Amino acid sequence: MNIPAPAATRTPAATRTLTCRAVLFDMDGTLVDSTAVVEEVWGEFAARYGLDIAEILRTSHGIQAADTVRRFAPAGADVVALTAELGAMERVRTSGIVALPGAAELLGSLPAEAVALVTSADRTLADIRMDAAGLAMPATAVTAELVTRGKPHPEGYLKAAGLLGVQPADALVFEDAPAGIAAGVAAGIRTVAVGPNTGELPAGVLHIPDYRAVTVSVEPDAAGRQIISFRL
């Protein structure tokens, strides 16, 4: 979910080069800006039950919807039914959904077989939002229904690395949310934070505002395997 969290103060870092064999992207807030839809849907949820919308938005960024419902819904509420209702609301609301600056160009420059999407959204919602943002869905996608433990657990990122046939050390994660960043780090994958809502960053995590200044080159190594180099 692309839910705004408090921004952290950033000091611009020197240009860095990172190399990998596979690239794993979160969706909301990382490739797709769906802030308007998310705030609208969760605002209606908060109003229905008299909840603090600011607290919901602050703590739910990057978390599966069911986990947020489970945390905030009144005692006795049908979590499964309520999660399904909220999901249905999100699927029909696409106004204002756009790609992050430079995201389309970056995806288009990467080898398709070396890219995966790892999102807390289900597959239907992921398809809708990627399409609304004008972005091609990667052939490999790990969505909410394909994991048993959502972010910040590393299961999704480890599963995606396995599907792409790479070790965690040979992959690179792009994430925007504290929960997702924690998941990438816990998976043992180098992680790049994107945008203003990342919170305080763990040691070793680089930060970029968006993809406009990111450049990519792809070259074979001595064994003929592709090496992807990012300049951030």
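These numbers were taken from a predicted model, which means no experiment stands behind them. (Residues numbered from 1 in each chain as written. Predicted model: local features only at pLDDT ≥ 70, side-chain atom pairs only at ≥ 80, totals over all residues. Heavy atoms only, no water.)

### A few points about unusual backbone geometry
Put simply, the rule is: Under the scheme used here, helices are H or I runs from DSSP no shorter than 4 residues and strands are E runs no shorter than 2 residues, and both carry numbers assigned from the N terminus.
Cis rather than trans, the peptide bond between Lys-151 and Pro-152 has omega equal to 15 degrees. With respect to the helices and strands, the residue Pro-152 is situated in the loop between strand S6 (140–142) and helix H7 (155–163).

### Looking at H7
In plain terms, the rule: Only protein chains enter the calculation, and the probe is 1.4 Å; a residue is then buried if its accessible area is under 20% of its type maximum, exposed if over 50%, and partly exposed in between. Contacts were defined at the residue level, with two residues in contact if any of their heavy atoms lie within 4.5 Å.
Turning to H7, its buried residues number three or more, namely Glu-155, Gly-156, Tyr-157, Ala-160 and Ala-161. The elements touched by buried residues of H7 are strand S2 (22–25), strand S5 (115–118), S6, strand S7 (171–175) and helix H8 (178–186).

### Let's talk about the layout of surface pockets
Selection criterion: Space inside and on the surface of the protein is sampled on a 1 Å grid over the protein atoms alone, with a cavity defined as a set of points where a 1.4 Å probe fits but cannot get out and a pocket as an open set with protein on both sides within 12 Å along at least 5 of 7 lines; lining residues have an atom within 4 Å of a point. Grid points are joined across faces, edges and corners, and a volume is the space filled by probe spheres set on the points. Polar here means any residue outside two lists: the nonpolar Ala, Val, Leu, Ile, Met, Phe, Trp, Tyr, Cys and Pro, and the charged Asp, Glu, Lys and Arg; Gly therefore counts as polar.
Volume-wise, the second largest pocket comes out at about 260 Å³. If you go around the second largest pocket, you meet 16 residues; those closest to its centre are Ala-65, Thr-83, Ser-120, Asp-122 and Ala-144. Of all the secondary structure elements, the ones that give two or more residues to the lining of the second largest pocket are helix H3 (65–72) and helix H4 (79–91). With 6 residues, the top contributor of residues to the lining of the second largest pocket is H4. A per-class count over the lining of the second largest pocket returns 8 nonpolar, 4 polar and 4 charged.

### Comments concerning the confidence of the model for the protein chain
The condition that has to hold: On a scale of 0 to 100, pLDDT captures the predictor's confidence in every residue.
Averaged over every residue, the pLDDT of the protein chain is 90; residues scoring 70 or more account for 94%. This model gives residues 1–12 a pLDDT under 50, and the stretch forms 44 contacts once residues within four places in sequence are excluded.

### With respect to H8
Given 3.6 residues per helical turn, the α-helix brings residues three or four places apart onto the same face. When we look at burial in H8, the residues that qualify are Ala-179, Gly-180, Ile-181, Ala-183 and Gly-184. Summarising the contacts, the buried residues of H8 are in contact with H7, S7 and strand S8 (190–194). Downstream of H8 by a residue or two, Gly-188 has a phi angle that is positive, lying close to 80 degrees.

### Structural notes on the sheet that holds S7
What counts, and what does not: Two strands make a pair as long as DSSP finds a minimum of two bridges between them. Structural elements are reduced to axes, namely lines fitted to C-alpha atoms, with helices fitted over the stretch in contact, and the angle between N-to-C directions of any two is expressed from 0 to 180 degrees.
Here 6 strands make up an open sheet; going across it, the order is S6-S5-S2-S7-S8-S9 and the pairing parallel. The sheet is open, and its two borders are formed by S6 and strand S9 (206–208), each paired with just one other strand. Going across the sheet, the axis of each strand differs from the next one's by a mean of 25 degrees, ignoring polarity. In this sheet, S7 lies alongside S2 in parallel orientation, the contact comprising 4 bridges. Bridge pairing links Ala-22 to Ala-171 in S7. Sheet strands in contact with H7 are S2, S5, S6 and S7, and its direction is about 160 degrees off that of S6.

### Section: the environment of Val-32
The residue Val-32 is located in strand S3 (residues 32–33) in this model. Sequence separation of Val-32 and Ala-99 is 67 residues, and the distance between their C-alpha atoms is 4.5 Å.

### Things to note about the packing of aromatic side chains
We describe a pair of aromatic rings using the distance from one ring centre to the other and the angle between the two ring planes. How we decide: Each pair of aromatic rings taken from Phe, Tyr and Trp, with Trp reduced to its six-membered ring, is defined by centres within 6.5 Å and is described as stacked if the planes are under 30 degrees apart, edge-to-face if over 60, and tilted in the remaining cases.
Under the counting rule described, the total for this entry stands at 6 aromatic pairs. Seen in terms of ring centroids, Phe-174 and Tyr-211 are 5.8 Å apart; in terms of plane orientation they differ by 65 degrees. Their pairing is edge-to-face. Of this pair, Phe-174 sits in strand S7 while Tyr-211 sits in the loop between S9 and strand S10 (215–220), and the two are 37 residues apart along the sequence. Each member of the pair Phe-174 and Tyr-211 is classed as buried.

### Notes on the pattern of salt bridges
Definition in use: A pairing counts as a salt bridge when a side-chain nitrogen of Lys or Arg comes within 4 Å of a carboxyl oxygen of Asp or Glu.
Taken as a whole, this structure holds 13 salt bridges when the rule is applied. Between Glu-44 and Arg-93 there is a salt bridge, with its nearest N and O atoms 2.8 Å apart. In this pair, Glu-44 is assigned in helix H1 (residues 35–49) and Arg-93 in the loop between H4 and strand S4 (98–99), connecting sequence segments 49 residues apart. Look at Glu-44 and you get partly exposed, because its relative accessible area is 35%. The class for Arg-93 is partly exposed, based on a relative accessible area of 21%. With a closest N to O distance of 2.8 Å, Arg-70 and Asp-67 form a salt bridge.

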